[in-house]
Amino acid sequence: MRSLLMTLLALSFTAGTFTACGNKNKNSVAATPVAAPPPSGANACLAGQVYTSSYGCLDRAHCRDGEGWVPTIGQCVAGTPITWNQAHGGTATLRWGHALMTIHRDTFEQLMREYGGFCDQYTWNWGAANCENYSDEGYIIIQASNSSATEVQITIGAGASAPYSQFDYWSAFTGTNASFPMQFRGTVYAVNAGTGMEIRAQMPTRSWTQFSGQGLSIYIPTGRITDNVLNAEISYLNQPLATAPVERY
């Protein structure tokens, strides 16, 4: 009887040991880190764009305030305008702008087709649907939250040398205010031993184009974000697009 009791106690102790070890091993396994999901919904939009639940982040193009252009259906749809504070969590304290100079129209039109999506999207393109009607003029605006920002927002407008009100109906009728803004999020990199900088812009993948990656770049041989004038050389897919002596305002 004593021998049987001792055997049972030994088995009980062994089972408890295995259970404890099993619990210990289970609890000691480190959890696999989970990468933060990319921005989604309205959080993925840039200031100046319009968000809709059906089509995501839309550029204004030639639409009215509060509407965005959907190339796949060829029309403007109502949505929620995205402010700088929503997109960047603050205010834009630094701004530069200027008309585009020495424009390479073929490159400019390629940018409009592949990013803006408001022209050359059909088998036959004429009138307002032809990118050639907007590539002879353009402008650029660069905005930053502060002087140490490593990220900026870029607006490139096509069809006018400066942004105009879409509600100036006479100008809209005559076509002199046809400004179509395209928005980009750019990362700032120091170049030339810190005396200059290059801004590389991310190209979001849209439903009407599979293009993505580092497509747009702004090279400033000499200058920092604190300067009043930045002599910018703008390229798209390593092809010259335009130059612009952007001025702080």
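All chains use their own residue numbering, which begins from 1 and follows the written sequence. For a predicted model such as this one, the threshold for reporting local features is a pLDDT of at least 70, and the threshold for listing and counting side-chain atom pairs is 80 or more; totals across whole chains, interfaces and linings nevertheless cover every residue. Think of the side-chain values as coming from all heavy atoms in the structure, minus any hydrogens and water.

## Description of the overall build of the protein chain
Here a helix means four or more residues in a row that DSSP labels H or I, a strand means two or more in a row labelled E, and each is numbered from the N terminus. Assigned secondary structure in the protein chain consists of four helices and 13 strands. Buried residues are those whose accessible area, probed at 1.4 Å on protein chains only, stays under 20% of the maximum for their type, while exposed residues exceed 50% and partly exposed ones sit between those limits. Relative to its 249 residues, the protein chain shows a buried fraction of 40%. Note on definitions: a residue-residue contact is assigned when non-hydrogen atoms from the two residues lie within 4.5 Å. For the protein chain, restricting intrachain contacts to residue pairs at least 6 apart in sequence, the fraction spanning at least 24 positions comes to 56%. Accessible surface is estimated by sampling points in the Shrake-Rupley manner with a 1.4 Å probe; for residues, cover comes only from the protein chains shown. Total accessible area computed for the protein chain in this model is approximately 13800 Å², and 56% of it derives from carbon and sulfur atoms.

## So, the pairing of strand S7 (residues 138-144)
Counting buried positions over the seven residues of S7 gives seven, a clear majority of the element. Residues Gly138, Ile140, Ile142 and Ala144 point to one face of S7 and Tyr139, Ile141 and Gln143 to the other, with burial holding for every one of them. The pairing of strand S6 (residues 94-99) with S7 spans six bridges and is classified as antiparallel. In the strand pairing of S7, Gly97 is matched with Ile141. Here S7 runs beside strand S8 (residues 151-158); their pairing, made up of six bridges, is antiparallel. Within S8, the residue paired with Tyr139 across the bridge is Gly157. Note on pairing: two strands pair once DSSP finds at least 2 bridges between them.

## Comments concerning the layout of surface pockets
The volume enclosed by the second largest pocket comes to roughly 420 Å³. As defined here, a cavity is a set of points on a 1 Å grid over the protein atoms alone where a 1.4 Å probe fits but cannot get out. A pocket is an open set with protein on both sides within 12 Å along at least five of seven lines, and residues line them when an atom is within 4 Å of a point. Forming the boundary of the second largest pocket are 22 residues, of which Gly48, Arg60, Thr155, Pro181 and Gln183 lie nearest the centre. Residue assignment for the lining of the second largest pocket shows that the elements contributing at least two residues are S7, S8 and strand S9 (180-191). Looking at the lining of the second largest pocket element by element, the count peaks at three residues for S7. Grid points are joined across faces, edges and corners, and a volume is the space filled by probe spheres set on the points.

## Regarding the environment of Pro71
Within the fold, Pro71 resides in the loop between strand S3 (67-70) and strand S4 (75-78). For Pro71, a relative accessible area of 6% gives the class buried. The spacing of Pro71 and Cys119 is 48 residues in sequence and 8.5 Å in space, taken between C-alpha atoms.

## Thoughts on the pattern of salt bridges
The working definition used for a salt bridge is a side-chain nitrogen of Lys or Arg within 4 Å of a carboxyl oxygen of Asp or Glu. Counted according to the given criterion, the structure contains five salt bridges. In this structure, Asp120 and Arg113 form a salt bridge, with 3.3 Å as the shortest nitrogen-oxygen distance. Overall, the relative accessible area of 31% leaves Arg113 in the partly exposed class.

## With respect to the state of the cysteines
Disulfide: a pair of cysteine sulfur atoms within 2.5 Å of each other. Considering all chains together, one arrives at three disulfides under this definition. Through a disulfide, Cys45 is tied to Cys57; the S-S separation comes to 2.1 Å. Because the torsion about its S-S bond is -90°, the bridge between Cys45 and Cys57 counts as left-handed. Linking Cys45 in the loop between helix H1 (2-28) and strand S1 (50-52) with Cys57 in strand S2 (residues 56-58), this pair joins segments that are twelve residues apart in sequence. Cys57 sits in the buried class, given a relative accessible area of 17%. Here Cys63 engages in a disulfide with Cys76; their sulfurs sit 2.1 Å apart. The chirality of the disulfide connecting Cys63 with Cys76 is left-handed, given an S-S dihedral of about -90°. Here Cys76 lies in strand S4 and Cys63 lies in the loop between S2 and S3, a separation of 13 residues in the sequence. Here Cys76 falls in the partly exposed class, since its relative accessible area comes to 25%.

## Structural notes on the nonpolar core
The nonpolar core is taken to be a set of buried Ala, Val, Leu, Ile, Met, Phe, Trp, Tyr and Cys residues, with the residues joined through side-chain atoms within 4.5 Å. If you look at the biggest cluster of nonpolar residues, it comprises 41 residues, and the most contacted ones within it are Phe118, Ile140, Ile156, Met182 and Ile234. Dropping the residues within four chain positions of it, Ile234 is found in contact with Leu100, Ile140, Ile156, Leu216, Ser217, Ile218, Gln239, Pro240, Leu241, Ala242 and Ala244. Residues Cys45, Cys57, Trp84 and Ala87 belong to the second largest nonpolar core, which totals seven residues.

## Examining the environment of Ile154
With respect to the element layout, Ile154 can be found in strand S8. Between the C-alpha atom of Ile154 and that of Arg185, which follows or precedes it by 31 residues, the distance is 6.3 Å. Apart from residues lying up to four places away in sequence, Ile154 is in contact with Ile140, Ile141, Met182, Gln183, Phe184, Gly186, Ile199, Ala201 and Ile218.

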